[in-house]
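Listed below, chain by chain, are the residues.
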Amino acid sequence: MFVGEYRFTDYYHKFVTIEADELTANLHCRLKITEKDCYALCSSYCDEDGFIRFNVLSIGDSWQHCTRGLKNKHMLGEFGIDEVYNKEMRIAETQYEMLQKNQAFVEEKEKNVDEDVMKIRNDSRLDDIRDAYYPDIVYVGMIHDLSMYEYPMTVTGIKGPFLVGTLMEEPAQAMGVHEGEPVYVLPYMAEGIHLFALFGGSHLDDEQTKAMDRIIRETSEVGIDFNGISLKN
C-alpha cells in the first residue's frame, strides 16, 4: 500500500518501512548511502504546525533488511508526508532497539501538545475525516439552506461530549461563525463517523450557553464525554 492509503492511526508513533528510493540520498549527513539503500525504517510525529513527518531510524536494501544506522543515537533524517505520500509502505514489527531510539525523540518533538489534542490524534474514529497532511484538522458539518456543508476545523480540545476547534475558513453564512472562531461539535454516525457543529462563535448568547452547559452536565452525570463512556463511581 502507498503511504496515502493508510489511515493515520495505523502508523502514527508506530514503526514502518518505506520504499523511499531516491529520497534516501538526502540522509547522507549521518550515514554513507549506497545505491542499494532504497528503504527507510521510520516512525512518525506531528511537527509544531501539525504536519506529519516521518523520522528515519535506519536504512537498508530491502523490506526485511533495513537496520543500518539503527544503533546510531541520532535520527538519520526526516521525510515530510508530502514527499512519501505515493511511496510504498509496510508496517514493521516493533523491536526493542527501535523503541529505545525513538521514544525520547518523539516525546521531545511533541512535548508541548495539549493532552486532549493527543487523545484526538490517537482516536481512530476520526481517520476518515482528517486532512491527509494535517491530522489535527478534521471536517465538520454545518447546515445552511437545509443542506449540510463541511468545513475544515483545527482541533483545540475536548469539552464534555464536544470536540472543540477553530474554523480554518469562512463558512457560507452557516451559523454566523467566522474563520478562526471556536465551534463545538458532536459526533454522529452515517456511513462512518461525522461531526456536526452544534454551537459556534466567539460569544455564545445566554440561551446557547445554558443549552451547552446542560448537555455537558447531563452527559457527565452518566459518564459520557467525547472519548466515549466511562464508569462512574
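Per chain, residue numbering runs from 1 following the sequence as it is written. Two thresholds apply to this predicted model, a pLDDT of at least 70 for residue-level local features and 80 or more for giving and counting side-chain atom pairs, whereas whole-chain, interface and lining totals are computed over all residues. The basis for every side-chain value is the complete set of non-hydrogen atoms in the structure, without hydrogens or water.

Student: Which residues make up the packing of aromatic side chains, and what are the values?
Tutor: Pairing of aromatic rings covers Phe, Tyr and Trp, the last through its six-membered ring, and needs centres within 6.5 Å; plane angles under 30 degrees mean stacked, over 60 mean edge-to-face, and all others mean tilted. Tallied over the full model, the rule gives 10 aromatic pairs. With a centroid separation of 5.6 Å and an interplanar angle of 75 degrees, the aromatic rings of Y85 and Y133 are classed as edge-to-face. With a gap of 48 residues between them, Y85 in the loop between α2 (81-84) and β5 (89-91) and Y133 in the loop between α4 (115-121) and β6 (137-144) connect regions that are remote in the sequence. Exposed residues in this analysis have more than 50% of their type's maximum accessible area, buried residues have under 20%, and partly exposed residues fall in between, with area computed by a 1.4 Å probe over protein chains only. Its relative accessible area of 25% is what places Y85 among the partly exposed residues. Under the DSSP-based scheme used, a helix requires at least four consecutive residues in state H or I and a strand at least two consecutive residues in state E, with every element numbered from the N terminus.

Student: Just give me the short version of the pattern of salt bridges, but keep the residues and values in it.
Tutor: By definition, a salt bridge exists where a carboxyl oxygen of Asp or Glu is found within 4 Å of a side-chain nitrogen of Lys or Arg. Under the definition given, this model contains 11 salt bridges. For E22, the salt bridge goes to K87, with nearest N and O atoms at 3.3 Å. Note that E22 is positioned in the loop between β1 (16-19) and β2 (39-46) and K87 in the loop between α2 and β5, a separation of 65 residues in sequence. Judged by relative accessible area, which is 14%, K87 ranks as buried. Between E108 and K111 there is a salt bridge, and its shortest N-O distance comes to 3.0 Å. Overall, the relative accessible area of 46% leaves E108 in the partly exposed class.

Student: With reference to specific residues and values, describe the sheet that holds strand β3 (residues 52-60).
Tutor: In this scheme, strands are said to pair when DSSP sees at least two bridges between them. Read from one edge to the other, the open sheet built from 5 strands follows the order β4-β3-β2-β1-β5, with strand pairing classed as antiparallel. On the outer flanks of this sheet lie β4 (77-80) and β5, each paired with one strand and no other. Here the average twist between neighbouring strands, direction ignored, is 35 degrees. Pairing geometry for β1 and β5, over 3 bridges, is antiparallel. In the strand pairing of β5, I18 is matched with M89. Here, two residues are considered to be in contact whenever any of their heavy atoms come within 4.5 Å of each other. Here an axis means a line fitted to C-alpha atoms, over the contact stretch when the element is a helix, while the angle between two N-to-C directions is reported on a 0 to 180 degree scale. Of the strands in this sheet, β2, β3 and β4 touch helix α3 (residues 96-109), which is tilted by about 35 degrees from β2.

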